Structures are given as structure tokens and as C-alpha cells.
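If you want the building blocks of each chain, they are given just below.
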Amino acid sequence: FVTGLVATTVPSALWAVEANRVYRLAVCSQFGMESFATTYWAILFGRLPQMGFTEGKNLIVDRYASEGRPERYAEIARKIVQAKPDVIALGFDHQLILEVAKATTTIPIVASFGDPIAAGIVKNMARPERNITGISLDAGIEMQGKHLDILRQAVPSALRVAYFSNRAEWEGPWGRAIKEAGKRSGVSIIGRPME
């Protein structure tokens, strides 16, 4: 469902297809280049031709991947903006979204969010400011506890749960929220920050 929404939002952000115009789309994954073959990106790339955007004909797609290295985000953001795309599509990594948003205030950025307000990406979900739009995969930071409750209902014997995230989220509000939810429900949360 979420990937379908992104697949609809990005082509819409490119506007209506004008004859003889070549559009440029920048896509960036926080993982490796192979991640562009995953369902999330495949749905987007499959939807573009249905909207009249054909790669190699009237669409150039610049693909960027940080290989799981957040220290590369600023450099990649600069490269994306220098290429002057019509639209930038990003995955779920809040740190990457913020870095790209610092690099441009004019190029539309379409992204998937957890809680964009808690992450400092936007101040108002109903009317996101600046050039950022997209979809939220989460109803807010309080969902950390809800997810844990659902897990406990499915597996009542679970006493230890591993939580995988990037280091910034584990050490920030999201990590604190899941640790607090764990304490409330009697579950030991084992943090596994991924670099």
C-alpha cells in the first residue's frame, strides 16, 4: 500500500508529460544499488511508464546509494542537487531526508516517513512546509508502544525483543520510546544500531 502511494506521488510530482521534454528524477536509497530492485522501488519504476515517463526516452533517472553509510549523506545530497532533478525520491531514512532538505529548498522531495514531526522534517503533517511531501508510514512516536503491544499479543512469551535501526534513531526519541514501551510491558529491548 505504502509503495503504491509513493509510486503515485512521485510521477504526480513530475507534473504532466510535455512533448519533447526530458525529465530528471533522482532516487536515493540508504542501502546499496541492489536495493533498487526491491519491491518498493520496482513499483515506483513500474508506475512511471504508466504515467507517460519512459526512462531513456523522456526520463533520466539518477540513482544514488549510500551503502548504509550516513557519513556519505551530505556528499550525496550535494550531488543530487547539482544534477538539477525535477523531483527527488527518497526512502525511509530520516537523517537522509533531512540532509537532502538542507541541500535544496526548491526541488520537490517525495519521501516515506516514520514520524516526520518528531524527526524534525516538518512541523505540520496537514501542511508540510518547504519542498517536502510524501507519506507517513507511522502515526507517530507513540506507535512504538503499539507495535510492541501487538507483538506481545502475537507472542505472549516474548521477553526479549531486538530493535534494529540506524544509530541516530536508536539514540534519539524513537529509541527512547521503544525502551520506555518495553519497560511498561516487561519486555527487555535489545538495541541493534546498524551503521
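Anyway, here's the lowdown on the structure attached to this text. Here the structure is a predicted model, which means the values were calculated and not measured. (Residues numbered from 1 in each chain as written. Predicted model: local features only at pLDDT ≥ 70, side-chain atom pairs only at ≥ 80, totals over all residues. Heavy atoms only, no water.)

### Structural notes on the overall build of the chain
Thinking step 1. A count of helical and extended segments in the chain gives seven helices and seven strands.
Thinking step 2. The N-to-C order of helical and strand elements in the chain reads α-β-α-β-α-β-α-β-β-α-β-α-α-β.
Thinking step 3. When burial is assessed residue by residue, the chain has 44% of its 195 residues classed as buried.
Thinking step 4. Entry remark: accessible area of the chain is about 10,300 Å², with carbon and sulfur atoms responsible for 55%. (Helix = DSSP H or I, 4+ residues; strand = E, 2+ residues; numbered from the N terminus. Buried < 20%, exposed > 50% of the residue type's maximum accessible area, 1.4 Å probe, protein only. Areas by Shrake-Rupley, 256 points an atom, 1.4 Å probe, with all protein chains shown as cover.)

### Some points on the nonpolar core
Thinking step 1. Ranked by internal contacts, the top residues of the largest apolar core, which has 20 residues, are Cys-28, Ile-80, Ile-88, Leu-90, Val-100, Ile-109 and Ile-132.
Thinking step 2. Residue assignment for this core shows that the elements contributing at least two residues are strand 1 (23-29), helix 3 (73-82), strand 3 (87-90), helix 4 (94-103) and strand 4 (109-113).
Thinking step 3. Discounting residues that sit within four places of it in the chain, Ile-80 has contacts with Ala-26, Cys-28, Tyr-64, Pro-85, Ile-88 and Val-100.
Thinking step 4. Judged by nonpolar contacts, the second largest core, of 15 residues, contains Leu-44, Phe-53, Leu-59 and Val-87. (Core = buried A, V, L, I, M, F, W, Y, C linked by side-chain atoms within 4.5 Å. Contact = heavy atoms within 4.5 Å.)

### Comments concerning the packing of aromatic side chains
Thinking step 1. Counting across every chain of the model gives five aromatic pairs.
Thinking step 2. Ring centres of Tyr-23 and Phe-53 lie 5.3 Å apart, and the angle between their planes is 90 degrees; on these two criteria the pair is classed as edge-to-face. Placement of Tyr-23 in strand 1 and of Phe-53 in the loop between helix 2 (39-50) and strand 2 (59-65) is noted, with a sequence separation of 30 residues between them. Phe-53 matches Tyr-23 in its accessibility class, with the two residues each being buried.
Thinking step 3. Ring centres of Trp-41 and Phe-45 lie 6.3 Å apart, and the angle between their planes is 25 degrees; on these two criteria the pair is classed as stacked. Note that Trp-41 and Phe-45 are positioned in helix 2 at a spacing of four residues, about one turn of the helix.
Thinking step 4. Residue Phe-45 is classed as buried on the basis of its relative accessible area, which comes to 17%. (Phe/Tyr/Trp six-rings, centres within 6.5 Å; stacked < 30°, edge-to-face > 60°.)

### Observations regarding the pattern of salt bridges
Thinking step 1. Throughout the structure, instances matching the rule amount to six salt bridges.
Thinking step 2. Asp-62 serves as the salt-bridge partner of Arg-24, at 2.5 Å between the closest nitrogen and oxygen. Linking Arg-24 in strand 1 with Asp-62 in strand 2, this pair joins segments that are 38 residues apart in sequence.
Thinking step 3. Between Arg-63 and Glu-55 there is a salt bridge, and its shortest N-O distance comes to 2.9 Å. (Salt bridge = Lys/Arg side-chain N within 4 Å of Asp/Glu carboxyl O.)

### A look at helix 5 (residues 143-154)
Thinking step 1. With 12 residues, helix 5 should reach 16 Å at 1.5 Å per residue; the first-to-last C-alpha distance of 16 Å fits that figure.
Thinking step 2. Three or more residues of helix 5 are buried, namely Gln-144, Gly-145 and Leu-148. The arc that holds every buried residue of helix 5, seen down its axis, measures 95 degrees, which confines them to one face. Set apart from the buried face of helix 5 by more than 90 degrees, the exposed residues are Ile-150, Gln-153 and Ala-154. (Expected span 1.5 Å × (residues − 1). Arc of directions from axis to C-beta.)

### What to know about helix 2
Thinking step 1. For helix 2, spanning 12 residues, the distance from its first C-alpha to its last is 17 Å, which sits close to the expected 16 Å at 1.5 Å a residue.
Thinking step 2. All of the buried residues along helix 2 are Tyr-40, Trp-41, Leu-44, Phe-45 and Leu-48. One side of helix 2 carries all its buried residues, which in axial view fall inside an arc of 125 degrees. Turned more than 90 degrees away from the buried face of helix 2, the exposed residues are Thr-39 and Gln-50.

### Here's the deal with the environment of Trp-41
Thinking step 1. Overall, Trp-41 belongs to the buried group, its relative accessible area being 4%.
Thinking step 2. Spatially, the C-alpha atom of Trp-41 lies 10.0 Å from that of Cys-28, the residues being 13 residues apart in sequence.
Thinking step 3. Excluding residues that lie within four positions of it along the chain, Trp-41 makes contacts with Val-27, Cys-28, Ser-29, Ser-35, Phe-36, Ala-89, Leu-90 and Gly-91.

### Some thoughts on the packing of helix 3 against helix 4
A packed helix pair is summarised by two numbers, namely the angle formed by the two axes and the spacing between the axes.
Thinking step 1. One can describe the packing of helix 3 onto helix 4 by two numbers: an axis separation of 9 Å at closest approach and a directional angle of 45 degrees. The angle between helix 3 and helix 4 falls in the class oblique. Helix-helix and strand crossings are classified by hand; for helix 3 and helix 4 the assignment is right-handed. Seen from helix 3, the contacting residues are Tyr-73, Ala-74, Ala-77, Ile-80 and Val-81; seen from helix 4, they are Gln-95, Leu-96, Glu-99, Val-100 and Ala-103. (Axes fitted to C-alpha atoms, helices over the stretch in contact; angles between N-to-C directions. Parallel < 35°, antiparallel > 145°, perpendicular 65-115°, else oblique. Left-handed = near helix turned anticlockwise from the far one by under 90°.)

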